[in-house]
Amino acid sequence: MKRLGLLLSGRGSNFEAIADQVVAGRIPAEIRVVISNRPEARGLEVAQARGLNAVSIPSKGMDREAYDRLLIEELEANQVDLVCLAGFMRLLSATFVRAFPHRILNIHPSLLPAFPGLDAQKQALVHGVKITGCTVHLVDEFLDAGPIVLQAAVPVLDEDTVESLSARILQQEHIIYSEAIRIVLDGNFRIEGRRVVAVAPTG
Ligand code: GRF
């Protein structure tokens, strides 16, 4: 059984969607640990309530390298195969990325490379794009930048607010994150430059 480690900082709705898929047997893995860098994160409470191993490792005031070493320790202690960032609001160091090569996923609420960083849904509205969406990508040491595994498009409606647009994007996030986890866990892909290319299953 493959082992997942979830990292979050807040609400944790992507974590919940993934946990639901795990419980339903639609992701062939177990959630070994849920880590939050913010002790007050709702996602951490939800993880506890679900009986999962919920760990708070506060990042406030900590040096990035030192913090990331704590994260690596906790994830390695739980023998995690795949790290899933689910609203984890910190940039990870090269040390962290090297500890889990091609084994870290992130979800971002835009069609990358458009609108990286904070408030991606607001950036899309302000720019006036007609289509935005969400992206699941492998994580490198740059912000919202690694090879793309899956994307989903979401139309921007004339009457949209940041809230209404974010809610429609979130529905798609909850679908494609689990799908991307399945792809990566199956290992039926290779990376060519920036491209994640499907390969036929062996055996
Ligand atoms: C999502 O919009 C995700 O794309 C972004 O942060 C938000 C996290 O939401 N990275 P939640 O904590 O999963 O509900």
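### Some thoughts on the environment of I176
When you line up the elements, I176 lands in helix α6 (residues 162-186). Separated by 110 residues in the primary sequence, I176 and A66 place their C-alpha atoms 32 Å from one another. When near neighbours in sequence (up to four residues on either side) are disregarded, I176 contacts I107, C134, T135, V136, L150, Q151 and A152.

### As for the packing of aromatic side chains
Evaluation of the coordinates by the stated rule reveals one aromatic pair. Ring plane angle 45 degrees and centroid distance 5.3 Å describe the contact between F96 and F100, whose orientation is recorded as tilted. Of the residues examined, F100 reaches a relative accessible area of 3% and is grouped as buried.

### As for the domain arrangement of the chain
Here the chain is partitioned into domain 1 (1-100) and domain 2 (106-203). Of note, the centres of domain 1 and domain 2, computed from C-alpha atoms alone, are 19 Å apart. Each side of the interface is counted separately: domain 1 has 21 residues, and domain 2 has 17 residues. Between domain 1 and domain 2, the buried area comes to about 1,600 Å², and carbon and sulfur atoms account for 68% of it. The largest share of the area that domain 1 buries against domain 2 comes from N14, L82 and L85, three residues that together contribute 29% of it. Taken together, the connections running from domain 1 to domain 2 amount to zero salt bridges. Along the contact surface separating domain 1 from domain 2 lie five residue pairs in polar contact (both at pLDDT 80 or more).

Reading the values: the criteria
All residue numbers refer to positions counted from 1 along the written sequence of the respective chain. Two thresholds apply to this predicted model, a pLDDT of at least 70 for residue-level local features and 80 or more for giving and counting side-chain atom pairs, whereas whole-chain, interface and lining totals are computed over all residues. Note that the side-chain values use all heavy atoms of the structure and ignore hydrogens as well as water. Counting from the N terminus, the helices are the DSSP runs of H or I reaching at least four residues and the strands are the DSSP runs of E reaching at least two. Any two residues having at least one pair of non-hydrogen atoms within 4.5 Å are treated as being in contact. Think of it this way: a Phe, Tyr or Trp ring, Trp meaning its six-membered ring, pairs with another when their centres are within 6.5 Å, and the plane angle makes it stacked under 30 degrees, edge-to-face over 60, tilted otherwise. Type-normalised accessible area, obtained with a 1.4 Å probe on protein chains alone, sets the label of each residue: buried when under 20%, exposed when over 50%, and partly exposed for intermediate values. Start and end points for every domain follow an automatic or database-based domain assignment. Two parts lose some accessible area (1.4 Å probe) when they are put together, and adding that loss for both gives the buried area. Whenever Lys or Arg places a side-chain nitrogen within 4 Å of a carboxyl oxygen from Asp or Glu, that contact is recorded as a salt bridge. In protein, a polar contact requires one atom able to donate a hydrogen and another able to accept it; more generally it is a pair of N or O atoms within 3.5 Å, and residues adjacent in sequence count only if both atoms are side-chain atoms.

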